[in-house]
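Understanding the architecture of this molecule
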Amino acid sequence: MLIRISLFVALLAPALSIAQGDVPLEEHIIGVWRMELRTLESPGVIYYQEAGNVSIVEQMPDGTFRVMSRVTTRAVAESDDLLVRPGCLGKKECVYDEATEGVGVLMDDRIYIDWLDDDGWIDDLLTIDGNVMTGDDGNGPIRLVKEASD
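The shown structure was predicted, so the numbers you read here are calculated from the model rather than taken from an experiment.

Our next topic: the side chain of lysine 146. Considering the arrangement of structural elements, one finds lysine 146 in strand 9 (residues 141-146). Look at lysine 146: it is buried, it has no salt bridge, and the nearest opposite charge is glutamate 27 at 9.4 Å. Among the polar contacts made by the side chain of lysine 146, one reaches the main-chain carbonyl oxygen of histidine 28 at a distance of 2.4 Å. Within polar-contact distance, the side chain of lysine 146 engages the backbone oxygen of isoleucine 30 at 3.2 Å. Discounting residues that sit within four places of it in the chain, lysine 146 has contacts with His28, Ile30, Gly31, Val32, Trp33 and Asn131.

Structure below.
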């Protein structure tokens, strides 16, 4: 864990102020970013990630960001022996939620998110363009749109 935090501090770079008016990127990225529907396929199973978000909660004193994420997935299998997730055993269709927490590092117009203590989540590198973040999390393309602030 100490090595990971040291890596984050070493990666810190001055963030670009991509304009949302005169708001620096460090302030602009804080908020909730909604994931657009995406479909992931594996042999015999299709996963529909129907709802999800990445919440960039706050900037920490060391410059990193506290990040939380949640996703709702509907898995549809060709047969009832392909879903091995607890709560889905013996089913051909199953809906489940997952959530995790991570640490983000801003590098120019990108944010790298290290999902902590969860081997099931692949770290993300997302490019920020105004109110849209895009990338590929290792499972496939991902697109997030920032929610408007109240």
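Structure shown, so let's carry the discussion forward.
Under the definition given, this model contains one disulfide. Across the disulfide, cysteine 88 is cross-linked to cysteine 94 (sulfur-sulfur distance 2.0 Å). Judged by the sign of its S-S torsion, about -65°, the bond between cysteine 88 and cysteine 94 is left-handed. Here cysteine 88 and cysteine 94 have matching classes, each one buried.

Only one face of strand 9 is covered, namely the one carrying Ile142, Leu144 and Lys146; the face carrying Pro141, Arg143 and Val145 has none of its residues buried. Here five bridges tie strand 8 (residues 132-136) to strand 9, and the two strands are oriented antiparallel to one another. Bridging from a neighbouring strand, glycine 135 pairs with isoleucine 142 of strand 9. Between the antiparallel neighbours strand 8 and strand 9 lie four residues, among them glycine 138 with a positive phi of about 95°.

Attention now goes to the environment of valine 32. On the secondary structure map, valine 32 appears in strand 1 (residues 31-35). Using a relative accessible area of 25% as the deciding quantity, one classes valine 32 as partly exposed. Taking the C-alpha atoms as reference points, valine 32 and valine 67, 35 residues apart in sequence, are found 9.8 Å from one another. Every residue in contact with valine 32, bar those within four places of it in the chain, is listed here: Asn53, Val54, Ser55, Val145, Lys146 and Glu147.

Definitions and cut-offs
- Residues numbered from 1 in each chain as written.
- Predicted model: local features only at pLDDT ≥ 70, side-chain atom pairs only at ≥ 80, totals over all residues.
- Heavy atoms only, no water.
- Helix = DSSP H or I, 4+ residues; strand = E, 2+ residues; numbered from the N terminus.
- Buried < 20%, exposed > 50% of the residue type's maximum accessible area, 1.4 Å probe, protein only.
- Lys, Arg positive; Asp, Glu negative; His and termini not counted.
- Salt bridge = Lys/Arg side-chain N within 4 Å of Asp/Glu carboxyl O.
- Polar contact = N/O pair within 3.5 Å; in protein donor to acceptor, adjacent residues only side chain to side chain.
- Contact = heavy atoms within 4.5 Å.
- Disulfide = S-S within 2.5 Å.
- Pairing = 2+ DSSP bridges.

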